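Each chain, letter by letter, is given below.
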Amino acid sequence: MSSSANAVTLKPAPSLHSSKFRVQGSPPLLHWAGFNGLLSNPSIYGGSTKLSVSCMALKNIFGGAAGSKPAKTEKKPRKTSVPLPATVTFDNESSDENTILIITAENRTAVLQIITRVLRAMGVQISKANVNLDKGSVVEKIFVTDSDGSKINDPQSLDNIQQALREALNEPIRVLDPKTRGLVIKPQSRDLDFESSDQVKAKAEVLFNLMDQYLKNDVVSIQKDVLDHVEYTVASSRFNFSDFEAYQATAHSVRDRLIESWNDTHQYFREKDPKRLFFLSLEFLMGRSLSNSIYNLGIKDQYAEALKQLGFDLETLVEQEGDAALGNGGLARLSACLMDSLATLDLPAWGYGLRYQYGLFRQVIIDGFQREQPDYWLNFGNPWEIERAHVTYPVKFYGKVEEVVHNGKRQKRWIPGEMVEAVAYDNPIPGYGTGNTINLRLWAAKPSGEYDLESFNTGDYINAIINKQRAETISSFLLPDDRSYQGKELHLKQQYFFVSASLQDIMRRFKGFHINIDDFPKKVALQLNDTQPSLAVPELMRMLVDEENVEWSRAWEIVKKVFSFTNHTVLSEALEKIPVELLGSVLPRHLQIIYDINYFFLEDLRKRMGSDYARLARMSIIEEGAVKCVRMATLSIVASNNVIGVSQFHSEILRTKVFTDFYDIWPHKFQSKTNGVSQRRWLAVGNPGLRDVITKWLGTDAWIKDLDLLCGLRDHADNPELQNEWRKAHRMNKSRLAQYIEEISGLKVSIDAMFDVHVKRIHEYKRQYLNILSIIHRYDCIKNMTSEERKKVVPRVCLVGGKAAPGYEIAKKIIKLIHAVGGKINNDPDIGNLLKLVFVPDYNVSVAELIIPASDVSQHISTAGHEASGTSNMKFLMNGCLILGTLDGATTEIAEEIGEENMFIFGAKVHEVPKLRAQRHDFQPPREFRRVIRMIRDGYFGFKDYFKSLCDTVDGEGGDFYLLGNDFASYLEVQAAVDRTFVDKEKWTRMSILGTAGSGKFSSDRTIREYAEQAWGIEPCKRPC
C-alpha cells in the first residue's frame, strides 16, 4: 500500500467500528480498546507508516533488565520512570469551527507523536496546535474536527478521545541507555493477549539476547559472515565460488554492518528530532562502494586479511564491482562527495535522487566513433541497496484542475489523467571516523496498481503492459535527448516524479512527529542542487495549499524559509526553461501555482521599482516570446532563502551578470560556497601509497578528517627523503595506469614519460579541441626534427577521456579527431615513445581513481568565464598532480592557495574575453594554428569531409567563439614551460608536494560546514557509539 495513505483522517478497521461512538454527521470514531490495541493494529497507519518499538522497550514492557548486553558484561539495571498524570479537557465555546483539546502532560520524548497518532487513529482531524512548555510539562491546545470538518459535540465521542489520550500518555516511560543499540522490531501481535506473562517474557528474552550485539569485526567473524552469504545469499557452494560470487558475499557482509549503524543513526535522529537537511539532486556518481565503505568503517585491514586467508585478494574483488550509473560529470560526483561529508560530519541529512535503470549510457568506441549503449549496471543486482517495497507514493501527471468548495472555501482539486508509483531504494552512506551512517533514497518508477488492475479486469492486457513500460521509462535513462517534444516531456516527468516522491516522503516523516505545519521550516531544510529539482517549489505549495489546507500567504512564507538553491551555470542562455504549453499539459495544477507565484512576485516588484517594464520582464518567472517558457532558475531564486554560487569567481558572475537584477533587491540571499571533494575517496582510498607517505611525514592520519593539516607538508617540501618517497609512490601509480592503457588499447607506454591528462565531459568550452591541436603541432615539430634534436624531446603520453552527449555532433567529431590523430601518431616509427595519444573510453569514477593518482600534469583549459567551479582540478591537486589551466572557475582559488608559480597558467582572462570576441573579425591567428588546421582540412589524418565542419568552428564562419586561436600561442608557451620543469625532477616534485599541501581548502568537509552553518541552519547529531 502506498505511503500516501497516511492522511490526516485515518479510518479504523471495520471490525472496530461501533455505532454508539459515532460523531454526528461523520464516520464512526474508533472504539477505544486500550492503547495496546492501538499499537497492535497496523491498519490504522495506512499499511505503510509502521509503528516501531525498540527491543529494549519491549523487554522493559514485559519485565527484565534493560540495556544492551555486551559480551562478558553484566546486564544493566532497568531504568523506568513514571510520567506525571496527563490531563485532557475540552473547550467547545472558544472556537466556532473547532473543538479545542487542552492537554497537559510531562515533556518527554515523542509526546507529540503519541498524541498525533491517537487522534489520527480515531478519525480526528487536526487543524492546528499551540504548544507551550511550563516547568517540565507540555501544555497543548489542539484544534480538532471530525472527519467532515465539523466540531465534535457528541459526549460519548469526546469521552472516548479523553480516555484514549489519558491511557496513551500515562504509559510508563522506559529510559534507554545511550550506549546501547536501538534495536527495532515489529509491533507485538494481538495474539500475545492470550499468552501468559511468563511466555511473553521468555519470547522477549530470547529476542533480546539474539539481537543485543553488533556484528564482530575480527578476521574469523568476517570470514564466517562472508561464507554464510556465499551459501545463503549468493546460493553458491562455500567450497567453490568465483571472484564475483566472493565480491557479492563480501559486499553483503559489509552492508550488514552498514545497516546496523544506519538503523541506529536514524533511530537516534528520531529521538533527538533535530532539524534535518534533505539534499535533492537528480544525479549521484557514487563510484564503487566496497572499498569506500570498509575504509570509512575502519575495517579494511580486517577484511583484507580475512579474504586473503580464504584465498581471495581484496583489490581483485573490488574490481568486480561496477560503477552505479546514476549521474554524469562533475555535478553528479560533487553530490556524492557532499553525501560523504554530511555523514562524516554527523549532520542529520538525507539524499534523494532517481534510481536509473540504465544511467546515462555506456560509451563504446567503434572505428573511432562514439556509440551509445545502455549501461546494464543492474543486471547482476546491486548488493548495496535495500528495496523498500512498502515505501511507495503515487505520482500524478496530466489531467485537469477543478474548483471545489470545502468547508465553505473554494479550493483547487487536481484530477490526474495518469498515475505511477514511486518505490524507494535506500543506500547507506557511512561517515569516516564516526558511528553515523546516513541515507541516500533513490526512486524507481512502477505502474500504478490501480490502473494496472483496471486494465487486467477489462481484459486489456496489452494496455496494461504498455502502461508498465511507460511508467518504468521515467526512471530508465539519465538525461534523455531533449531535442524532440517526447524527450522534453520525459525529462519534465523525471523531474516532477523525483521531487513529488521526495516531498511526500519528507512531509510524511515530518507529520509523524509534529502537529503544527508552521514548524516545518524549523525541522526541514531543502537543498536544490541546480535547477533540476526546482519543481519542488510549486509541488510543496500544492501540498500545503491543496492537501494541508494552508492559506496561500502562510504557505508561501513556509516555502521561502526551507529552500536553498545552488546554481551551477555561468551563462544566462544555459539556464533551464520549460515551455508553458508542455508544463500545462503534464502538470496543469503546477502551472497555475507558478503563475500565481509570479503574479504576487511582480506585484511586489512594482511596489519596489515602479513601472520599469523592461526590468520586470527580465525578472519575471514567465519568459514571453515565440515560445512562452517558465524560467526555472528565476523560480528557484524567488522561492529560496539562499542563492549559492559554487566558487568565488562563479558567485561574482552571478551577482554582476547572470542574476544582477535579483542581487540588487536581495543581496542578503546571495552566498558563495566553493565546491570541494572528499579526500577520503580521492586520496586516502584512491591513492594508498601517497596516503601512507603523507601520514608518515605529518606524524598523524588526522588529515583524513581535517585536510587543512596537509599544510604541514610545506615544511618538508625540499627534503630529499620525502621527495624520493613521493616519486616512488607516484611511479607505482603510473605503472598501474600503464598496465591499464595496454589492456584497453594494446599500446605499451613508458612510465618514464610525462603522463599528460585531460579527462572531462567533451564540450567545446572545455577545449579538448585546443589540446588536440597542440598535440598535432607537437607531432609536426617532432617529425621535422633531426635525430639529435629528438633526443632532447621530453616524452609524453597524452590521455584524453570523456563522453559526448548523444546529440552533440561537434563533441562527437572531437572524439573521432582524437582517434584519427592518435592512430597516426602511435603508428609512426619516426615518433616512437616520444609521443603517444590515448583515448580512455567510458570514463567513470573507477577509471578516474586509476588515472588521477598517476597523472603528472592535468589540463583544465576552459575558455575563461565558462567554468562555474570544476572539481576534477581539486582531485588532481590533492594527488600531487600539477595543474595546467586558465584562470577559470575554482582554478583561480587554487592559484591563490598554492601560488601561480606552482602551476602553469595561460590564456585570456575573464574580463578580456568579451573584447577579444568583439575583435575577432580583425584577428589573425598565429601561423602554427593555421598550419595544424590546414593539416586537418587537407585530410592528413583522414576523414577530410567529416572534419570540415569541425574546422569551420575555429577557422571560418564559426567565428572561434571559444577563442582557441587567440589562446594558442600562449598555450604552446606554457606547454614548453611544462617540458622544462619536468626535466628538473627536484623542482617538479617540490611543486607537486606544495600543491598537495595547499589543497586543504578544497575538501567537501569545508564546503558542507559552510552550508550547514550559513545556509541550512543544521547542527551535528552524532549518535553515541
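Right above here is the structure, for reference.
Residues numbered from 1 in each chain as written. Predicted model: local features only at pLDDT ≥ 70, side-chain atom pairs only at ≥ 80, totals over all residues. Heavy atoms only, no water.

As a further point, take the overall build of the protein. The helix and strand inventory of the protein stands at 38 helices and 32 strands. Taking all 1025 residues of the protein together, the buried fraction comes to 60%. Taking as baseline every contact in the protein between residues at least 6 positions apart, the subset at least 24 positions apart corresponds to 76%. Looking at the protein as shown, the accessible area adds up to about 41600 Å², and 50% of this sits on carbon and sulfur atoms. (Helix = DSSP H or I, 4+ residues; strand = E, 2+ residues; numbered from the N terminus. Buried < 20%, exposed > 50% of the residue type's maximum accessible area, 1.4 Å probe, protein only. Contact = heavy atoms within 4.5 Å. Areas by Shrake-Rupley, 256 points an atom, 1.4 Å probe, with all protein chains shown as cover.)

For the structure shown, the criterion picks out 34 aromatic pairs. For the pair Tyr-393 and Trp-443, a centre-to-centre distance of 5.7 Å together with 75 degrees between the ring planes defines the contact as edge-to-face. Remark: Trp-443 occurs in strand β19 (residues 437-447) and Tyr-393 occurs in strand β15 (residues 386-397); sequence separation between them is 50 residues. Each member of the aromatic cluster is reached from another via a ring pair, and the members are Phe-278, Trp-350, Tyr-352, Tyr-393 and Trp-443. Its end group placed over the ring of Tyr-940, Lys-824 keeps NZ or CZ at 4.8 Å from the ring centre. Above the ring of Phe-982, the side-chain terminus of Lys-985 is found at 3.6 Å from the ring centroid. (Phe/Tyr/Trp six-rings, centres within 6.5 Å; stacked < 30°, edge-to-face > 60°. Lys NZ or Arg CZ within 6 Å of the ring centre and 35° of its normal.)

Turning next to a negative patch on the surface. Side chains of Asp-706, Asp-708, Glu-896 and Glu-897 sit close together on the surface and give a patch of like negative charge. Here Asp-706 lies in the loop between α25 (688-698) and α26 (720-745). (Patch = residues over 30% accessible without salt bridge, like charges linked within 9 Å, V, L, I, M, F, W, Y side chains within 5 Å. Salt bridge = Lys/Arg side-chain N within 4 Å of Asp/Glu carboxyl O. Lys, Arg positive; Asp, Glu negative; His and termini not counted. Charge placed at Lys NZ, Arg CZ, Asp CG, Glu CD.)

On to unusual backbone geometry, then. Of note, Asp-530 is a non-glycine position whose phi angle comes to about 75 degrees, a positive value. Residue position: Asp-530 is located in the loop between β20 (524-529) and α16 (536-547). Phi is positive for Arg-767, close to 60 degrees, though the residue is something other than glycine. As for its placement among the helices and strands, Arg-767 is situated in the loop between β27 (754-759) and α27 (768-783).

Further remarks concern the pairing of β20. A large share of β20 lies buried, amounting to six of its six residues. Side chains Val-524, Leu-526 and Leu-528 project from β20 onto one buried face, and the interleaved Ala-525, Gln-527 and Asn-529 project onto a second face that is buried too. When β20 meets strand β21 (residues 563-566), the two strands line up parallel, connected through four bridges. Bridging across to β21, Asn-529 finds its partner in Thr-566. (Pairing = 2+ DSSP bridges.)

Here we take up the nonpolar core. Membership of the largest hydrophobic core comes to 126 residues, with the highest contact counts inside it found for Phe-397, Trp-443, Phe-497, Leu-540, Ile-597 and Trp-1016. When residues no more than four places from it in sequence are discounted, the contact partners of Phe-497 are Leu-354, Val-395, Phe-397, Val-420, Glu-421, Ala-422, Trp-443, Ala-444, Ala-445 and Ile-474. With 61 residues, the next largest nonpolar core counts Tyr-432, Trp-703, Ile-993 and Phe-1002 among its residues. (Core = buried A, V, L, I, M, F, W, Y, C linked by side-chain atoms within 4.5 Å.)

A word on the sheet that holds strand β24 (residues 629-631). On the basis of which strands lie adjacent, the open sheet formed by three strands has the order β22-β24-β23 and antiparallel pairing. Every other strand in the sheet has two partners, leaving β22 (577-579) and β23 (622-623) as the edge strands with one partner each. Alignment of β23 against β24, held across two bridges, turns out to be antiparallel. Opposite Glu-623, over in β24, you have Cys-629 as the bridge partner.

Here the focus is the side chain of Arg-937. Take Arg-937: it is sitting in helix α34 (residues 927-937). Look past the residues within four positions of Arg-937 in its chain and what remains in contact with it is Lys-944, Lys-948, Cys-951, Asp-952 and Asp-955.

Read across the open sheet, the six strands follow the order β29-β28-β27-β30-β31-β32; overall the sheet is parallel. Looking at strand neighbours, the two that pair on one side only are β29 (835-840) and β32 (904-905), the edges of this open sheet. For strand β28 (residues 796-801) and β29, the ladder comprises six bridges, and the chain directions are parallel. Residue Cys-798 lies in a different strand from β29, and its bridge partner there is Leu-837.

Another point: the side chain of Ser-341. Residue placement: Ser-341 occurs in helix α11 (residues 329-344). Reaching out from Ser-341, the side chain makes a polar contact with the side chain of Asp-1005 at a distance of 2.6 Å. Those residues in contact with Ser-341, other than ones at most four positions away along the chain, are Arg-680, Ser-1004, Asp-1005 and Ile-1008. (Polar contact = N/O pair within 3.5 Å; in protein donor to acceptor, adjacent residues only side chain to side chain.)

Below, the discussion takes up the packing of helix α6 (residues 219-232) against helix α7 (residues 243-272). The geometry of α6 relative to α7 is characterised by a closest axis approach of 8 Å and an angle of 120 degrees between their N-to-C directions. With respect to α7, the element α6 is oriented oblique. Read as a crossing pair, α6 and α7 show a hand that is right-handed. Contacts between α6 and α7 involve Ser-221, Ile-222, Asp-225, Val-226, His-229 and Val-230 from the former and Ala-249, Thr-250, His-252, Ser-253, Asp-256 and Arg-257 from the latter. (Axes fitted to C-alpha atoms, helices over the stretch in contact; angles between N-to-C directions. Parallel < 35°, antiparallel > 145°, perpendicular 65-115°, else oblique. Left-handed = near helix turned anticlockwise from the far one by under 90°.)

This next bit is on the pattern of salt bridges. Evaluated as defined, the whole model comprises 61 salt bridges. Across the pair Asp-273 and Lys-523 runs a salt bridge, and its minimum N-O distance is 3.5 Å. Taken as a pair, Asp-273 in the loop between α7 and β11 (276-280) and Lys-523 in helix α15 (residues 520-523) lie far apart in primary sequence, 250 residues in all. For Arg-778, the salt bridge goes to Asp-979, with nearest N and O atoms at 3.1 Å. With Arg-778 in helix α27 and Asp-979 in helix α36 (residues 964-983), this residue pair connects regions lying 201 residues apart in the sequence. Overall, Arg-778 belongs to the buried group, its relative accessible area being 15%. Overall, the relative accessible area of 15% leaves Asp-979 in the buried class. If you follow the salt bridges from partner to partner, you end up with Arg-388, Asp-426, Arg-441, Asp-505, Arg-508 and Arg-509 in one network.

So, about helix α21 (residues 632-639). Counting buried positions along α21 gives eight out of eight residues, so the element sits mostly inside the fold. Listing the buried residues of α21 in full gives Met-632, Ala-633, Thr-634, Leu-635, Ser-636, Ile-637, Val-638 and Ala-639.

With that settled, consider empty space enclosed by the protein. Tallying each qualifying case throughout the model produces seven cavities of 30 Å³ or more. Each pocket or cavity is described by its volume, and for the largest cavity that value is around 130 Å³. If you trace the largest cavity, you find 13 residues lining it, with Asp-273, Arg-276, Arg-509, Phe-510 and His-514 closest to the centre. Taken together, the elements giving at least two residues each to the lining of the largest cavity come down to α7, β11 and α14 (485-511). Split into classes, the residues belonging to the lining of the largest cavity amount to seven nonpolar, one polar and five charged. (1 Å grid on protein atoms, 1.4 Å probe; cavity = no way out; pocket = protein on both sides within 12 Å on 5 of 7 lines; lining within 4 Å. Points joined across faces, edges and corners; volume = space filled by probe spheres on them. Nonpolar A, V, L, I, M, F, W, Y, C, P; charged D, E, K, R; others polar.)

With that settled, consider the pairing of strand β14 (residues 369-373). Both strand β13 (residues 362-366) and β14 contribute to a ladder of five bridges, which runs antiparallel. Paired with Val-364 across the bridge in β14 is Arg-371. In sequence, β13 turns back onto β14 through a hairpin of two residues, with Asp-367 there showing a positive phi of about 55 degrees.

Here we take up the environment of Asn-733. Position of Asn-733 among the secondary structure elements: in helix α26. For the pair formed by Asn-733 and Gly-689, sequence separation is 44 residues and the distance between their alpha carbons is 8.2 Å. Those residues in contact with Asn-733, other than ones at most four positions away along the chain, are Asn-687, Pro-853 and Ala-854. Looking at Asn-733, its side chain comes within polar contact range of the side chain of Asn-687, at 3.0 Å.

Limitation: the analysis is restricted to geometry and does not speak to function.
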